Amino acid sequence: MAGVTASGLTKRFGRTEALKAVDLAIEDGEFLALLGPSGCGKTTLLRLLAGFEVPDAGELRLGGQIVARAGWALPPEARNVGMVFQSYALWPHMSVAGNVAFALRVRGVAAGERRRRVAEALDLVGLGGFAERKPAQLSGGQKQRVALARCLAMRPAVVLLDEPLANLDAHLRESMQAEFRRFHREIGATFVYVTHDQNEAMALADRIAVMDRGALQQVAAPQSLYREPATEMVARFVGRGMLLPATVRGRQNGFIVAEALGSPVCVRGSGEAGEQRLLCVRPADLGLGASGIAARVTAATFQGAATVVTVLAEAGEEALTLECHGAPPAEGDLVHVCLRDGWLLPGKVGA
Ligand SMILES: Nc1ncnc2c1ncn2[C@@H]1O[C@H](COP(=O)(O)OP(=O)(O)OP(=O)(O)O)[C@@H](O)[C@H]1O
Ligand SMILES: [Mg+2]
């Protein structure tokens, strides 16, 4: 078993800085999700952990052992790490059992032990009866399980998964998520799971590392990432956060009293009177009331359980989105928006 420590890990492709001095410590046995928009460097970080890329600067340790530094990397086969690719990468001419056994054979694992490990890995992913099938005779979800079984049969200390469920339909994705949690519990390895789907990251991970343009933005448990985003990017990316300019007025009963869009609001966070800050609010934090922030309705879209209402505050420029469960207002109506919850981002505006 092994934890992972990256210090100042940097990777450039020509002029693209795919990873910028990433510092990240993953605990032994932890389930960490790497979350971020397309092109932010998730696969690059995973490939560095696996040993498929050499860093330009910084250092990487697996279980305390240095496995990469500037210009040098221990090759993948010398690390106790398994990777599951998004594309499955199965050999089409080999049976399911043959695919799972292949890397074991390359590593010289004896035939008896090989058979035992293949059977165990296929049982773990629920494909015990599929050993003789060819990949073409499997569904997408079953192929994904074979790819996972192939990785688990190697008994890696660190399992790296690159968007393993991206090709599956929503229903199958959900049931596979529960299974990934079970695999993690049963084998006890460290899991690093790349996704750009925040709900998947929240459902699966002990902690989530959010990346943007090659840099780590925040590493936190799902709850605190959602409730207490550290940066503007995280606030907007996770949970459809909206940011409002706010001025801190003081403190009351452990909360901050601030002014946003011309109205007093009571929010979570810290700050000193007079500071200009950004306030993160989510659609579920907002409601329509008799008083509050005066705003004009710009759109109202019926979505079944709720009507999604977009408003423009009289004193603001950013559109606010909220969910209305009662009788919805009409486009052009003047309404009052009240705030049930909000979080003041830590940094001062302009600082
Ligand atoms: N082999 C390469 N050569 C040149 N540029 C590369 C290479 N691999 C990645 N990049 C660039 O590095 C950046 C990060 O790419 P990466 O594949 O890590 O992103 P990602 O977060 O995995 O994105 P996605 O969610 O789309 O898979 C991108 O700008 C990409 O174009
Ligand atoms: Mg990728």
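Data block above holds the structure.
As the structure is a computational prediction, the values presented were derived from the model and not from experiment.

Caption draft 1: Just the overall build of the protein chain, in detail. Regarding its fold elements, the protein chain presents 8 helices and 21 strands. Across its three principal directions, the C-alpha atoms of the protein chain cover 75 × 45 × 40 Å. Here the protein chain holds 351 residues, and 49% of them are scored as buried. Residue pairs at least 24 apart in sequence account for 64% of intrachain contacts in the protein chain once pairs closer than 6 positions are excluded. Separation between the mean location of the 38 positive side-chain charges and that of the 36 negative ones in the protein chain comes to 7 Å.

Caption draft 2: Here's a closer look at the packing of aromatic side chains. Considering all chains together, one arrives at 6 aromatic pairs under this definition. Relative to Phe102, the ring of Trp91 lies with its centre 5.5 Å away and its plane at 65 degrees, an arrangement referred to as edge-to-face. One end of the pair, Trp91, is in the loop between β7 (81–84) and α2 (96–106); the other, Phe102, is in helix α2, with 11 residues separating them in the sequence. Summarising the aromatic geometry, the rings of Phe180 and Phe183 are spaced 5.8 Å apart at their centres and angled 85 degrees between planes, so their arrangement reads as edge-to-face. Of this pair, Phe180 and Phe183 are both found in helix α5 (residues 170–187), 3 residues apart, which corresponds to roughly one turn of the helix.

Caption draft 3: Seen up close, the sheet that holds strand β3 (residues 31–35). Strand order across the open sheet formed by 6 strands is β7-β8-β9-β3-β10-β11, with mixed pairing between neighbours. The sheet is open, and its two edges are formed by β7 and β11 (215–220), each paired on a single side. In this sheet, neighbouring strand axes are inclined to one another by 20 degrees on average, regardless of whether the strands run parallel or antiparallel. Relative to strand β9 (residues 190–195), strand β8 (residues 158–162) runs parallel, the two sharing 5 bridges.

Caption draft 4: Inspection of the packing of helix α4 (residues 140–153) against α5 at higher detail. At a closest axis distance of 12 Å, the pairing of α4 and α5 adopts a crossing angle of 15 degrees. Judged on the interaxial angle alone, α5 and α4 are roughly parallel. Relative to α5, α4 is oriented so that their crossing is right-handed. On α5, the residues that touch Gly141, Gln144, Arg145, Leu148 and Leu152 of α4 are Leu172, Met176, Glu179, Phe180, Phe183 and Ile187. Split by residue class, the contact of α4 with α5 holds 7 nonpolar, 2 polar and 2 charged.

Caption draft 5: Layout of the site of ligand 1. Around ligand 1 sit Phe13, Thr16, Ala18, Pro37, Ser38, Gly39, Cys40, Gly41, Lys42, Thr43, Thr44 and Glu163, and that is every residue in its neighbourhood. Contact distances for ligand 1 include 2.7 Å between an oxygen atom and a backbone N or O atom of Gly39. Protein burial of ligand 1: of its 640 Å² of free accessible surface, 58% is covered by the chains. The set of elements that each furnish at least two residues to the shell around ligand 1 consists of β2 (16–26) and α1 (42–50). Take the shell around ligand 1: its biggest share by element is 3 residues, from α1. Across the shell around ligand 1, the residue classes tally to 4 nonpolar, 6 polar and 2 charged.

Caption draft 6: Inspection of the pairing of strand β15 (residues 276–281) at higher detail. Within β15, 5 of the 6 residues are buried, which leaves the element mostly enclosed by the surrounding structure. Strand direction decides the pairing type here: strand β12 (residues 242–252) and β15, joined by 6 bridges, are antiparallel. Among the inter-strand pairings, Met242 is bridged to a residue of β15, identified as Val281. Examined bridge by bridge, β15 and strand β21 (residues 343–344) share 2 bridges and lie antiparallel to one another. Paired with Leu279 across the two strands is Leu344, which belongs to β21.

Caption draft 7: Structural context of the state of the cysteines. On inspection of all chains with the given rule, the structure shows 0 disulfides. Of the cysteine sulfurs around Cys324, a residue in no disulfide, the closest is that of Cys338, at 11 Å. Residue Cys324 is classed as buried on the basis of its relative accessible area of 10%. In this structure Cys338 comes out as partly exposed when scored by relative accessible area, which is 26%.

Caption draft 8: Representation of the nonpolar core in the model. The biggest cluster of nonpolar side chains holds 49 residues, and the ones touching the most others in it are Val100, Leu122, Leu148, Leu161, Phe180 and Ile208. With 7 residues, α4 is the largest single contributor of residues to this core. Discounting residues that sit within four places of it in the chain, Ile208 has contacts with Ala33, Leu35, Ala201, Met202, Gln218, Val219, Ala220, Pro222 and Leu225. One finds Ala2, Leu46, Leu49 and Met83 within the second-largest nonpolar core, a separate group that totals 31 residues.

Caption draft 9: Fine view of the sheet that holds β21. The sheet built from 5 strands is open, its strands ordered β14-β13-β12-β15-β21 with antiparallel pairing. At either margin of the open sheet sits one strand with a lone partner, and together these are β14 (263–267) and β21.

Definitions and cut-offs
- Residues numbered from 1 in each chain as written.
- Chains lettered and ligands numbered in written order.
- Predicted model: local features only at pLDDT ≥ 70, side-chain atom pairs only at ≥ 80, totals over all residues.
- Heavy atoms only, no water.
- Helix = DSSP H or I, 4+ residues; strand = E, 2+ residues; numbered from the N terminus.
- Buried < 20%, exposed > 50% of the residue type's maximum accessible area, 1.4 Å probe, protein only.
- Contact = heavy atoms within 4.5 Å.
- Lys, Arg positive; Asp, Glu negative; His and termini not counted.
- Charge placed at Lys NZ, Arg CZ, Asp CG, Glu CD.
- Phe/Tyr/Trp six-rings, centres within 6.5 Å; stacked < 30°, edge-to-face > 60°.
- Pairing = 2+ DSSP bridges.
- Axes fitted to C-alpha atoms, helices over the stretch in contact; angles between N-to-C directions.
- Parallel < 35°, antiparallel > 145°, perpendicular 65-115°, else oblique.
- Left-handed = near helix turned anticlockwise from the far one by under 90°.
- Nonpolar A, V, L, I, M, F, W, Y, C, P; charged D, E, K, R; others polar.
- Near = heavy atom within 4 Å.
- Polar contact = N/O pair within 3.5 Å; in protein donor to acceptor, adjacent residues only side chain to side chain.
- Areas by Shrake-Rupley, 256 points an atom, 1.4 Å probe, with all protein chains shown as cover.
- Disulfide = S-S within 2.5 Å.
- Core = buried A, V, L, I, M, F, W, Y, C linked by side-chain atoms within 4.5 Å.

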